[in-house]
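# An overview of the molecular structure
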Amino acid sequence: MNPTLLRTAFAIATTILVSVCISQTPTQPVSASPSQSPAKPLLLEKTEGEARVWRDPPPGEFMLKVSPQNNGSQHLVFGTEDLHPGDEIPLHKHLGQDEIVFIEAGTVHAHLGGQERDLHAGGMVFIPAYTWVSLRVVGNDTVSMTFVFSAPGFENLMRCESVPAGERPTPTSIEERRKCDHQGHVIYKEDEESPKP
């Protein structure tokens, strides 16, 4: 993919997210409370951040870069993830956070609300809160993507269902997954349809 086109697509995605965040920002200045310190500025390389590995197979890797825990951000969550051939993100919806997924490399098949199509390097998905979405890797190439959430929340699920890179992942039980879903403000379609114990 043309690097200039890729940068332009990412700039457009970033502009959309910033516009959404600004429209949700109160008009009165908000100062940090004594218990809430202001966010710290960050300069990070691709390999820098909080590297984690999913607990359930296949054990994929992701990196959280901006979140309340990483740098005190109270308004955004940003990270990167690689999906390998055969991987998919199952059908789910976020309860209260918009999300942007930007495809840096590879191809995914996306289901978003009533839409469905393949997206390639430079493509993006804007997922409004409460909208069903799933992504599946198409072909034999690894998909590299970045994700941005308009508010904290989902990173709690990501930490709950993963371990720091270098630690041995252990599978999560159904009860643990449901607890993680609640912490991450998300509902998975399969959980919504299956009977509760």
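Residues numbered from 1 in each chain as written. Predicted model: local features only at pLDDT ≥ 70, side-chain atom pairs only at ≥ 80, totals over all residues. Heavy atoms only, no water.

## Some words on the overall build of the chain
- From N to C terminus, the chain includes five helices and twelve strands.
- Residue pairs in contact within the chain that sit at least 24 positions apart in sequence constitute 69% of those at least 6 positions apart.
- In the structure as shown, the chain presents an accessible area of about 11,200 Å², 57% of it carried by carbon and sulfur atoms. (Helix = DSSP H or I, 4+ residues; strand = E, 2+ residues; numbered from the N terminus. Contact = heavy atoms within 4.5 Å. Areas by Shrake-Rupley, 256 points an atom, 1.4 Å probe, with all protein chains shown as cover.)

## Here's the deal with unusual backbone geometry
- The phi dihedral of Tyr130 is positive, around 70°, even though this residue is not glycine.
- Phi at His185 takes a positive value of approximately 55°, unusual for a residue other than glycine.
- Structurally, His185 can be placed in the loop between helix 4 (174-183) and strand 12 (186-188).

## Let's talk about the pairing of strand 5 (residues 99-105)
- In terms of burial, strand 5 is a largely internal element, five of the seven residues being buried.
- As defined by bridge partners, strand 5 adjoins strand 8 (residues 124-127) across four bridges and the pair is classed as antiparallel. Across the sheet, the residue bridging to Glu99 is Ile127, located in strand 8.
- Here strand 5 runs beside strand 10 (residues 143-149); their pairing, made up of six bridges, is antiparallel. (Buried < 20%, exposed > 50% of the residue type's maximum accessible area, 1.4 Å probe, protein only. Pairing = 2+ DSSP bridges.)

## What to know about the nonpolar core
- Grouped together as the largest cluster of nonpolar side chains are 28 residues, with contacts concentrated most on Val101, Val125, Leu135, Met145, Phe154, Leu157 and Met158.
- Other than its neighbours up to four places away in sequence, Met158 contacts Arg52, Trp54, Phe62, Leu64 and Phe147. (Core = buried A, V, L, I, M, F, W, Y, C linked by side-chain atoms within 4.5 Å.)

## Comments concerning the confidence of the model for the chain
- Summarising the model, the chain shows a mean pLDDT of 86, and 78% of its residues fall at 70 or more.
- Contacts for the low-pLDDT stretch residues 18-23, under 50 throughout, to residues beyond four places or in other chains number four contacts.
- A low-confidence stretch, residues 25-34 stays under pLDDT 50, and its non-local contacts, those more than four residues away or across chains, total two contacts. (pLDDT = per-residue confidence, 0-100.)

## A short note on the environment of Ser162
- On the secondary structure map, Ser162 appears in strand 11 (residues 162-164).
- C-alpha separation for the pair Ser162 and Arg52, spaced 110 residues apart in sequence, amounts to 6.2 Å.
- What Ser162 contacts, discounting residues up to four positions off in sequence, is Arg52, Val53, Trp54, Arg55 and Phe62.
- In this structure the side chain of Ser162 is engaged in a polar contact, spanning 2.6 Å, whose partner is the side chain of Arg52.
- Engagement of the side chain of Ser162 in a polar contact is seen with the backbone oxygen of Met158, the distance being 2.5 Å. (Polar contact = N/O pair within 3.5 Å; in protein donor to acceptor, adjacent residues only side chain to side chain.)

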